[in-house]
Amino acid sequence: MAGTREVARHWQYAELPGVDLLRARYVRKNFVRHTHEHFVIAGIAEGVEVFQHRGGDQYAGAGTLALVNPDTPHTGRAGVPEGWRYGAVYPSPELVAGIAAETTTLRGTPGFVSPVLDDPYAVALVHQVLRAADEGNALAADTLLRVAVTRLLRLNGGALPTRRVRTAGDRMAARARAVLEERLVDPPSLERLAGDLGTSPFALLRAFRDAYGIPPHTWLTDARVRRARRLLDAGTAPAEAAVAVGFTDQPHLNRHFARIVGVPPGAYQRERKNVQDARRRLLVPSDGWQNRQLSQTYGTTEGGRTPPSSGTRSASGSPSDSPGSPSE
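Residues numbered from 1 in each chain as written. Predicted model: local features only at pLDDT ≥ 70, side-chain atom pairs only at ≥ 80, totals over all residues. Heavy atoms only, no water.

Caption draft 1: Representation of the overall build of the protein chain in the model. What the protein chain contains, in helices and strands, is 11 helices and 13 strands. In the protein chain, which comprises 328 residues, the share counted as buried stands at 50%. Element-wise, carbon and sulfur atoms account for 49% of the exposed surface of the protein chain, whose accessible area totals about 14,700 Å². (Helix = DSSP H or I, 4+ residues; strand = E, 2+ residues; numbered from the N terminus. Buried < 20%, exposed > 50% of the residue type's maximum accessible area, 1.4 Å probe, protein only. Areas by Shrake-Rupley, 256 points an atom, 1.4 Å probe, with all protein chains shown as cover.)

Right under this line is the structure:
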């Protein structure tokens, strides 16, 4: 991997509504346990990413995809000293469900079965989506995204289990979550929350972990960052958003935001303000490094060339999965 500088760009493209986009190289970045409202489809170009997922470490190396379903707790860190470089798309559950209904035979709520899939061809598709968005090529970006999602659902798709609140512990956890969501800015202590719900702190902690995969305080930070993102999307200044969601100040928001989203809130908001500028080539530092142009950061690896349109196809690939020459 050429160089070890950490850079990341997290943005949206107006012609891909409901989809977030990310291109990054991380070395020391350590994503804390968090969730996403959207799907994560991350194509690893170089290095190795390690992420905790459902109780175990998952390793995603070059030519593989890290796939995370919505509201699934996970982490992220480098698996080798030189870190990892990747591109990711975050399609909404509604978009994925629509694609699944049109192009697959999956029933129920669609999702990914395995968190890591070895498919260099799909990795190339993800990077081509990002390139098309950069170039303002709406037709290619939309087409390639749909081809990629269809392929991944056919290779690794299944129906997500429907969560039913059945046990007393489940009901207690749901009530605790509702209280925390309502009191995001001024949450009660664990002891007070448990007392109000008629249980003990440790019983509530166990029930919450069992129901949502993370303890209440981690869920609260995650929820605050999600709400901050919505405020930033709406144009609220980072300092105001920080206080509005319950952080003490902007540095407090910055720290948690970067550890979950991957970029600081100011850089995140700047990209939102420039959604219409599809040809913009700014890379924002993940944690305070100097800005570098896209060509400087990725040029030695990609050489300014479009990723191969055919890639390395898995044995289960079919002609309907192939976009032909999508970069044209």
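Now that the structure has been shown, the text picks up again.
Caption draft 2: Representation of the pairing of strand 6 (residues 64-68). Taken across its five residues, strand 6 has five buried, putting it largely inside the fold. Residues of strand 6 alternate between two faces, with T64, A66 and V68 on one and L65 and L67 on the opposite face, all of them buried. Where strand 6 meets strand 10 (residues 116-118), three bridges bridge the pair, whose relative direction is antiparallel. Bridge assignment links A66 to a residue of strand 10, and that residue is V116. (Pairing = 2+ DSSP bridges.)

Caption draft 3: A look at unusual backbone geometry. For R54, which is not a glycine, the phi torsion comes out positive at approximately 55°. For R54, the location among the structural elements is in the loop between strand 4 (40-53) and strand 5 (56-61). Under the relative-accessibility criterion, R54 is labelled exposed at 56%. Unusually for a residue other than glycine, D71 sits at a positive phi of about 60°. Under the relative-accessibility criterion, D71 is labelled partly exposed at 47%.

Caption draft 4: Layout of the layout of surface pockets. When its volume is computed, the largest pocket comes out at roughly 790 Å³. Of all elements in the fold, only helix 4 (168-182), helix 6 (201-212) and helix 7 (216-233) reach the threshold of two or more residues within the lining of the largest pocket. Its residues assigned to classes, the lining of the largest pocket comprises 10 nonpolar, six polar and 14 charged. Surrounding the second largest pocket, 18 residues form its lining, D20, E37, H38, R229 and Y268 being those nearest its centre. Listing elements by their share of the lining of the second largest pocket, those giving two or more residues are helix 7, helix 9 (250-261) and helix 10 (265-273). Considering each element in turn, the lining of the second largest pocket owes the most residues, six residues, to helix 7. A breakdown of the residues in the lining of the second largest pocket according to their chemical character gives five nonpolar, five polar and eight charged. (1 Å grid on protein atoms, 1.4 Å probe; cavity = no way out; pocket = protein on both sides within 12 Å on 5 of 7 lines; lining within 4 Å. Points joined across faces, edges and corners; volume = space filled by probe spheres on them. Nonpolar A, V, L, I, M, F, W, Y, C, P; charged D, E, K, R; others polar.)

Caption draft 5: Up close: the packing of helix 7 against helix 9. Packing of helix 7 against helix 9 leaves a shortest axis separation of 10 Å and a crossing angle of 95°. Judged on the interaxial angle alone, helix 9 and helix 7 are roughly perpendicular. Only L253, H256, F257, I260 and V261 of helix 9 make contact with helix 7, whose side of the interface consists of T221, D222, V225, A228, R229 and L232. Grouping the constituent residues of the contact of helix 7 with helix 9 by class yields seven nonpolar, two polar and two charged. (Axes fitted to C-alpha atoms, helices over the stretch in contact; angles between N-to-C directions. Parallel < 35°, antiparallel > 145°, perpendicular 65-115°, else oblique. Contact = heavy atoms within 4.5 Å.)

Caption draft 6: Inspection of the nonpolar core at higher detail. Counting 34 residues, the largest nonpolar core has L16, L21, I41, L65, V89, L145 and L152 as its most contacted members. The set of elements that each furnish at least two residues to this core consists of strand 2 (19-26), strand 6, helix 1 (93-103), helix 2 (120-134) and helix 3 (138-156). Non-local contacts of V89, meaning those with residues more than four positions away in its chain, are made with V19, D20, L21, F39, V40, I41, V126, V129, L130 and L145. Formed by 29 residues, the second largest nonpolar core is a distinct cluster that contains Y26, V40, A42 and V261. (Core = buried A, V, L, I, M, F, W, Y, C linked by side-chain atoms within 4.5 Å.)

Caption draft 7: Broad picture of the confidence of the model for the protein chain. Overall, the prediction assigns the protein chain a mean pLDDT of 85, with 81% of residues at 70 or greater. Per-residue pLDDT stays below 50 along residues 276-328; that stretch engages in 122 contacts with residues further than four places along the chain or on separate chains. (pLDDT = per-residue confidence, 0-100.)

Caption draft 8: Focus on the pairing of strand 2. Among the eight residues in strand 2, eight count as buried, and that is most of the element. Taking every second residue as pointing to the same face, both faces of strand 2 are buried, with V19, L21, R23 and R25 on one and D20, L22, A24 and Y26 on the other. Relative to strand 2, strand 1 (residues 7-11) runs antiparallel, the two sharing five bridges. In the strand pairing of strand 2, H10 is matched with L22. The sheet contact formed by strand 2 and strand 8 (residues 84-91) spans eight bridges and is antiparallel.

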